[in-house]
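What follows is the residue order along each chain.
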Amino acid sequence: MKLKLGIPKGSLQDATVQLFARAGFDIYVSSRSYFPSIDDPEIECLLIRAQEMARYVADGVLDAGLTGQDWIAEHRTGEDANGVVGVADLVYAKQSYGKVRWVLAVPQESTVQRPEDLQGATIATELVRVTEAYFRRRGVDVNVEFSWGATEVKPPVLADGIVEATETGSTLRANRLRIVDTVMESNTQLISNATALADAWKQTKIDSLALLLRAAIEAHGRVGLMLNVRRADLDGVLKLLPALQRPTISPLSDADWISVTTILEERTVRDIIPRLKAARAEGIVEYPLNKVVL
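Quick caveat, the model's predicted, so the values are computed rather than measured.

In this section: the nonpolar core. The nonpolar side chains of soluble globular proteins are, as a tendency, buried together. Formed by 28 residues in total, the largest nonpolar core has its most connected members in Leu 5, Phe 20, Leu 66 and Leu 190. Those elements giving two or more residues to this core turn out to be strand E1 (3–9), helix H1 (13–23), strand E4 (43–49), strand E5 (64–68), strand E6 (85–90) and helix H7 (200–219). Among the elements that make up this core, the one with the highest residue count is H7 (6 residues). Membership of the second largest hydrophobic core comes to 21 residues, among which are Val 112, Tyr 134, Val 163 and Val 180.

Here we come to the sheet that holds strand E14 (residues 248–251). Spatially, the 4 strands line up as an open sheet ordered E14-E15-E13-E16, and their pairing is antiparallel. Looking at which strands have only one partner, the edges of the open sheet turn out to be E14 and strand E16 (282–288). In this sheet, neighbouring strand axes are inclined to one another by 15 degrees on average, regardless of whether the strands run parallel or antiparallel. Examined bridge by bridge, E14 and strand E15 (residues 257–265) share 4 bridges and lie antiparallel to one another. Opposite Pro 251, over in E15, you have Ile 258 as the bridge partner.

With that out of the way, let us pick up H7. Along its 20 residues, H7 runs 29 Å from first to last C-alpha, staying within 8% of the 28 Å computed at 1.5 Å per residue. Residues of H7 that are buried: Lys 202, Lys 205, Ile 206, Leu 209, Ala 210, Leu 213, Ala 215, Ala 216, Ile 217 and Ala 219. Taking the backbone nitrogen of Trp 201 as reference, a side-chain oxygen 3.0 Å away marks Asp 199 as the first, capping residue of H7. Where H7 terminates, the next one or two residues include Gly 221, which has phi positive at roughly 80 degrees.

Reading the values: rules and limits
Residues numbered from 1 in each chain as written. Predicted model: local features only at pLDDT ≥ 70, side-chain atom pairs only at ≥ 80, totals over all residues. Heavy atoms only, no water. Core = buried A, V, L, I, M, F, W, Y, C linked by side-chain atoms within 4.5 Å. Buried < 20%, exposed > 50% of the residue type's maximum accessible area, 1.4 Å probe, protein only. Helix = DSSP H or I, 4+ residues; strand = E, 2+ residues; numbered from the N terminus. Pairing = 2+ DSSP bridges. Axes fitted to C-alpha atoms, helices over the stretch in contact; angles between N-to-C directions. Expected span 1.5 Å × (residues − 1). Polar contact = N/O pair within 3.5 Å; in protein donor to acceptor, adjacent residues only side chain to side chain.

In structure tokens:
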């Protein structure tokens, strides 16, 4: 038996392959095939555009897949909405470990200050159904047009405004666009369908995959730290150490010495290590983490 798993093709592809690598799965993507190889004989991968992932999972073509909440919402607001079950939130994107915002933007020189000012306007976006629902909730009548890409270049000639995804806003600023409002926030999700989750083997496989992917994300930006310290100096060292729960403390063969192990944010290490040394810690070792299971 195999789990049919959708890997998002496009902007999320590289970040997803890297995440799987940290979770312990090596995926090889060939430019000539839509069937990536994976070093797990129980998984069969298929490259699918993130925009289409929810539909193929809902229809049972795939048992599970990774896509954004934005495209899940786009699927659910359609007439064919059904069958998608969220298994795990995986907060990573193309450029960062954070959420993506879909924003309403207009040219910098536009007089528009709020969504209601766009009554009767033309809005270009890939996220058509979600955008239509957004303006409908506000009672604003607009013409929402599907954009095949390069949406940022369409105002003001081809559209009055756009709804587009952004992580940093730099592309919008480069195209002289100004953000008016946030339409929705999105992050990647592992999704499945009711049929796959009703199969005990597939559910176990999906749950195990979700556990490892979450653990890889939790490990991002964190490192492990080991050190030795005399018992008499232990309290001073412990006051300097943050931890996910509490530091692990183990006796050494020399009864006067203690080994301390902890996990902390990588960005804090450069400040903490000199302070630990000043607190008389010795044998300080920093090491990378691949997974953190909370």
